Amino acid sequence: MNNNDVMSDILLRLPLKDLVGCKCVCKWWNTLISDPIFKLNYSLRNPQYNISGFFLQKFLYLELHSKLLFFPCEGRVDAAPKPSLSFIEDDKGVCIKHSCNGLLICSSFRCGEEDRKYYICKPTTKQYFPLPNLECRTVFGISIAYDPNRSPHYKIVSICDSYLSKNHRQIKIYSPVTGSWKPSGKPFTVPDEDMLFNRGVFWNGSLHWIGMGNSALRFDPETELMLTMPMPPTQRKPGYFGESGGHLLLVEAYGPLTAGFDIMEMKADYSGWFVKYHLNLDQVARQCQAIERANRLSILHIVHNHVEDVDESFIVIHVPGEFVSFKLRDYSFMDLQTNNHVDSGLGLWYSWEGVYPYTNTFFYL
């Protein structure tokens, strides 16, 4: 056993916050802790840090910070991040803008764009780092592109206004390697004025956006190519758009979701969508009074999960005053655990647009 092995064995025994501090002690320790094999061994040795779930965010009148809840879906509840962004020091308050594989993009809350600051942060270690100014009039969306299985580095992609016209957008990319923003390509024309650039979804190495019409885009931050993406050939509005377990999922609302709906999945080659699940909510309502008496509901989160050969995927929905979760395979209900106080008197406050999936990857800023 050489010196590296001995020191790695010692570092593996440290709590996560102490381990992060050790990166600053010397170059040798920083190299050891940054090694991908060390990260894997640390994660296996310390399962208490394993957690995945989602943040729910709601903006309340005159509140400085957005209201947050956190619901764990897998792992240990005691490893869940605290539902607070108060560790970020900003006198204008802070809210979440995007999440990806354990990292959050947050921004100043109650202010104009000229005064807004953006932060990359990791809530489980309460680390955050302010980003340089974007130098544009309007930021239509800002997203993280980070796949720890491909690269230890993240990138941040912003969709900004353009000098060409109000229908053009300019992509800017931030890299922690350079520590600065750079324009990516020429300004492009927006195919749909209602493109949801504030709800980017990272999947298959690219960021994806859908519109309120029939338009959809995807952007690869490595090749810096913007491409179109097919959508189902019907007029609708999105009832859910997200990624889980390596699958890109979409729910379209043709009417009240209480009547039932299809969960569609994008093919890996982007050739089109197919129906993954069809939900008959009449069957679910027979077992749940909250759904039976609800005249409206919203989809919060869909978790694609297989245990060996058994489909254990489930959905979380919100009806007025209650959060409900059930398996997509047989409609059996599941208990939603949370270490937060949930007000049972809430109306239909939350939707998928206020949900930010979170996985506590072994990453530090």
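Check the entry above for the structure.
Residues numbered from 1 in each chain as written. Predicted model: local features only at pLDDT ≥ 70, side-chain atom pairs only at ≥ 80, totals over all residues. Heavy atoms only, no water.

A separate point is the overall build of the chain. Helix and strand content of the chain: six helices and 25 strands. Of all intrachain contacts in the chain linking residues separated by at least 6 positions in sequence, the fraction that spans at least 24 positions is 50%. Accessible surface, the chain as shown: approximately 17900 Å² in total, 49% of it carbon and sulfur. (Helix = DSSP H or I, 4+ residues; strand = E, 2+ residues; numbered from the N terminus. Contact = heavy atoms within 4.5 Å. Areas by Shrake-Rupley, 256 points an atom, 1.4 Å probe, with all protein chains shown as cover.)

The subject of this paragraph is the packing of aromatic side chains. For the structure on display, the rule yields 16 aromatic pairs. Considering the side-chain rings of Phe-70 and Tyr-358, the 6.3 Å spacing of their centres and the 80 degrees angle between planes classify their relative orientation as edge-to-face. Highlighted residues: Phe-70 in strand β2 (residues 67–75) and Tyr-358 in strand β25 (residues 355–359), separated in sequence by 288 residues. When its relative accessible area of 1% is taken as the criterion, Tyr-358 is described as buried. Aromatic pair Phe-188 and Phe-197: ring centres 6.3 Å apart, planes at 75 degrees, arrangement edge-to-face. Each member of the pair, Phe-188 as well as Phe-197, carries the same accessibility label: buried. Over the aromatic face of Tyr-356 sits the side chain of Arg-199, whose NZ or CZ is 4.9 Å from the ring centroid. (Phe/Tyr/Trp six-rings, centres within 6.5 Å; stacked < 30°, edge-to-face > 60°. Buried < 20%, exposed > 50% of the residue type's maximum accessible area, 1.4 Å probe, protein only. Lys NZ or Arg CZ within 6 Å of the ring centre and 35° of its normal.)

The strand order across the open sheet formed by four strands is β7-β8-β9-β10, and the pairing between neighbours is antiparallel. At either end of the open sheet lies a strand with only one pairing partner, and these are β7 (139–145) and β10 (180–189). Along the sheet, successive strands turn relative to each other by an average axial angle of 20 degrees, direction set aside. Across six bridges, strand β8 (residues 155–161) lies against strand β9 (residues 168–175) in antiparallel orientation. Among the inter-strand pairings, Val-157 is bridged to a residue of β9, identified as Ile-173. (Pairing = 2+ DSSP bridges. Axes fitted to C-alpha atoms, helices over the stretch in contact; angles between N-to-C directions.)

Let us look at the sheet that holds strand β15 (residues 237–244). An order of β15-β16-β17-β18 is seen for the four strands of this open sheet, with the pairing classed as antiparallel. Each edge of the open sheet carries a strand with a single partner, namely β15 and β18 (273–279). The mean inter-strand angle of the sheet, taken between neighbouring strand axes irrespective of direction, is 25 degrees. Direction of pairing for strand β16 (residues 247–253) relative to strand β17 (residues 261–266): antiparallel, over a ladder of three bridges. Each bridged residue has a counterpart across the sheet, and for Leu-249 the counterpart in β17 is Glu-265.

Within this structure, the stated rule accounts for 10 salt bridges. Between Arg-116 and Glu-113 there is a salt bridge, and its shortest N-O distance comes to 3.5 Å. The shortest N-O distance in the salt bridge between Glu-224 and Lys-182 comes to 2.8 Å. Of the two residues, Glu-224 sits in the loop between β13 (216–220) and β14 (225–228) while Lys-182 sits in strand β10, which places them 42 residues apart along the sequence. With relative accessibility at 41%, the residue Lys-182 sits in the partly exposed group. One network of salt bridges, in which partners are shared, links Glu-312, Lys-327, Arg-329 and Asp-330. (Salt bridge = Lys/Arg side-chain N within 4 Å of Asp/Glu carboxyl O.)

In this section: the nonpolar core. Core analysis: the biggest nonpolar cluster contains 39 residues, and Phe-241, Ile-263, Leu-279, Ile-291, Ile-302, Ile-315 and Phe-326 have the highest contact counts within it. Not counting chain neighbours up to four residues away, the residues in contact with Phe-326 comprise Leu-279, Leu-281, Val-284, Ile-291, Phe-314, Ile-315, Ile-317, Tyr-331, Ser-332, Phe-333 and Met-334. Counting 30 residues, the second-largest nonpolar core is a separate cluster that includes Ile-144, Val-157, Val-190 and Phe-197. (Core = buried A, V, L, I, M, F, W, Y, C linked by side-chain atoms within 4.5 Å.)

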